[in-house]
Amino acid sequence: MQITTHATQPIDGQKPGTSGLRKKTRVFMEPHYLENFVQSIFDAIGGAAGKTFVLGGDGRYFNDRAAQVILRMAAANGAARVIVGAGGLLSTPAASNLIRKRSTDGGIILSASHNPGGHDGDFGVKFNTPNGGPAPEGVTGAIHAASGRISQYRIMEAQDVDLASPGERTLGAMTVEVVDPVTDYRRLMEELFDFDAIRRLITDGFTLRFDAMHAVTGPYAKAILEDALGAAAGSVVNARPLPDFGGGHPDPNPVRARPLVDLMMGPEAPDFAAASDGDGDRNMILGRGVYVTPSDSLAVLTANAHLAPGYARDLVGVARSMPTSRAVDRVAAARGLNCYATPTGWKFFGNLLDAGRATLCGEESAGTGSDHVREKDGLWAVLLWLNILAARRESVEGIMRRHWAEFGRNYYSRHDFEGVDAGAATGMIDDLRACLDELPGRRFGALTVETAEDFAYTDPVDGSRAAHQGIVITFDGGARAVFRLSGTGTDGATLRVYLERLETAPDALDHDPQDALAPVVAAADAIAGIAARLGRTRPDVVT
Ligand code: G16
């Protein structure tokens, strides 16, 4: 088969963000766009010759075409083997598991995660390193640099590889190993959790619903929750992955997964519900009548992980992204665990996990995970919750109430202002940064500023430094507002305002979070001038 070397030129903007390169699908479909970026990955890691990679994606529009292009480029660049999920599908955590388990040289994941799919939606490409985790900043920087120097890419002229079913195929001298996307992942889950106990819970009448949002977790959830654990047929809804996610926005939060929330707040609610996102790394947890914030979920999982066999060992530590609420810090303090606050982006957990400093990690953006892989893992979080429920035999609501009574409640909410003018948003953050020194001691409504900082992080393992990772304002009495711009959007800018207030009074643990946070919301707007500067009086998404 013929290998062709195409002349090309650098394309502006191939700079990976919070999680890989995300752009409009039609941008990725432009001539040479995907090819330039993939060649830049190979160039940045010292070539592909003789290497083994994992390849898969969340099944969104263009996933199938992109997978074929990447296979032909890997073959032309001399790769020895690519392990690819049947149909080109792999959830992000399943890909991370395969990268590690098969001792590969890394993997390429095709996903724009929770962003909508389709020709007019979003697409993304992410490189994960041999530890199974998202490439750290040093590697993404090298990929970006390579994309700025590129002058040619190599591709094999060949027919499409048959990816429909498991088996080995060849592409020139390269082996394409097509695997069932679910098998290895399900085995890993069986090692970590007490499937018998969860099965007994379900046999005893416990009911659940899992919304796969027409994204990649459908086949995983069916195989594990229904087939292996005995949840009633139909417990997993929207289970068939669709290229446009059925026209939906596969982000498991109370806004995008509204029907599930409505079900759980109504009379027909099952005992437990959960949802996952486009590529299966996010999760949302609900009990009958109760929504568990991702920050609270991390705290509860940390406090109870020992109830699952995979975590019966002592946890070594826990890590959260800085904007995630400090609920888990209170558990860590009580249990004598190290607790790390990293910048937003799962890639920042990698070193802590590799160095054995953290066992569990989590983010306010609906991500929770552990050292079992190097990505956040939606179904893993669901199974850990189910294992805890099976061990405690209490309702989700009961578990939350006891948790808040013991540790206090960190009321928490994130307000997103989407698609705002990028210049105005950047200007607002810059101006905030410029006035940090003047804020401490100033009063905004009921709250007085204690500290104001521009968050920077020095990795305790390799000493690498990430600056300008968010503006953090703390107030007296344990309240906090954090401002940062999203690194995953594709339209203008998204301002995220993260709001938190600690409450420990036993009679004040049951308020509506938006009411409890009203003084913090008002202070945040007064400090940043969101309405005046961005012309928005209310957020587009409240989680
Ligand atoms: C990605 C990252 C997460 C991050 C989230 C939101 O998640 O992996 O670490 O918290 O984006 O990032 P931002 O606030 O910059 O938009 P995912 O699920 O999209 O891969």
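Residues numbered from 1 in each chain as written. Predicted model: local features only at pLDDT ≥ 70, side-chain atom pairs only at ≥ 80, totals over all residues. Heavy atoms only, no water.

**Q** Just checking my understanding: could you explain the environment of Y498 for this structure?
**A** Mapped onto the fold, Y498 is located in strand β26 (residues 493-503). Here the alpha-carbon distance between Y498 and D227, two residues 271 residues apart in the chain, equals 39 Å. Setting aside its immediate chain neighbours within four residues, Y498 contacts P323, E364, Y412, S413, R414, R480, A481, V482 and R484. Within polar-contact distance, the side chain of Y498 engages the side chain of R484 at 2.8 Å. (Helix = DSSP H or I, 4+ residues; strand = E, 2+ residues; numbered from the N terminus. Contact = heavy atoms within 4.5 Å. Polar contact = N/O pair within 3.5 Å; in protein donor to acceptor, adjacent residues only side chain to side chain.)

**Q** Help me understand empty space enclosed by the protein in this model?
**A** Taking a probe equal in size to a water molecule and rolling it over the atoms shows the remaining empty space. The full count for this structure, using the stated rule, is five cavities of 30 Å³ or more. Reported here for the largest cavity is a volume of approximately 130 Å³. Lining the largest cavity we find 16 residues, and of these N253, P294, E364, A366 and T543 sit closest to its centre. Mapped by element, the contributors of at least two residues to the lining of the largest cavity are β13 (283-287) and β19 (409-420). At three residues, the largest contribution of residues to the lining of the largest cavity is made by β19. Counting contributing residues per domain, the lining of the largest cavity is built from domain 2 (185-407) and domain 3 (409-542), each supplying no fewer than three. Approximately 80 Å³ is the volume found for the second largest cavity. Forming the walls of the second largest cavity are 14 residues, and the residues nearest its centre are G20, K126, F127, A135 and T140. Put simply, the parts of the chain that give the lining of the second largest cavity at least two residues each are β6 (122-128) and α5 (137-149). With three residues, β6 is the single largest residue contributor to the lining of the second largest cavity. Of the residues contributing to the lining of the second largest cavity, the split by class is seven nonpolar, five polar and two charged. (1 Å grid on protein atoms, 1.4 Å probe; cavity = no way out; pocket = protein on both sides within 12 Å on 5 of 7 lines; lining within 4 Å. Points joined across faces, edges and corners; volume = space filled by probe spheres on them. Domains from an automatic or database assignment. Nonpolar A, V, L, I, M, F, W, Y, C, P; charged D, E, K, R; others polar.)

**Q** Could you clarify how one ought to interpret the nonpolar core in this entry?
**A** Note that soluble globular proteins tend to have their nonpolar side chains buried in a common cluster. Judged by nonpolar contacts, the single largest core of 74 residues is most densely connected at M189, F193, L225, F272, W380, W385 and L386. For this core, the element with the most residues is helix α13 (residues 378-392), which contributes eleven residues. Inspection of this core shows a minimum of three residues originating in each of domain 1 (2-180) and domain 2 (185-407). Once residues lying within four places of it in the same chain are set aside, the contact partners of F193 are A308, P309, Y311, W380, L383, L384 and N387. Within the second largest apolar cluster, 41 residues are counted, among which are F28, M73, A76 and V176. (Core = buried A, V, L, I, M, F, W, Y, C linked by side-chain atoms within 4.5 Å. Buried < 20%, exposed > 50% of the residue type's maximum accessible area, 1.4 Å probe, protein only.)

**Q** Help me understand the site of the ligand, please; the structure alone is not making it clear to me.
**A** If you check the shell around the ligand, you find 19 residues, and the closest are E363, S486, G487, T488 and R496. A distance of 2.6 Å is found between an oxygen atom of the ligand and a side-chain nitrogen or oxygen belonging to E363. Notes on the ligand: free accessible area 460 Å², of which the protein chains cover 99%. (Near = heavy atom within 4 Å. Areas by Shrake-Rupley, 256 points an atom, 1.4 Å probe, with all protein chains shown as cover.)

**Q** Any chance you could explain the environment of Y61 here in plain terms?
**A** On the secondary structure map, Y61 appears in the loop between β3 (52-57) and α3 (63-76). The class for Y61 is partly exposed, based on a relative accessible area of 33%. Along the primary structure Y61 and D244 are separated by 183 residues, whereas in three dimensions their C-alpha atoms are 6.3 Å apart. Once you skip the residues sitting within four places of it in the chain, Y61 turns out to touch T25, M29, G118, H119, F123 and P243.

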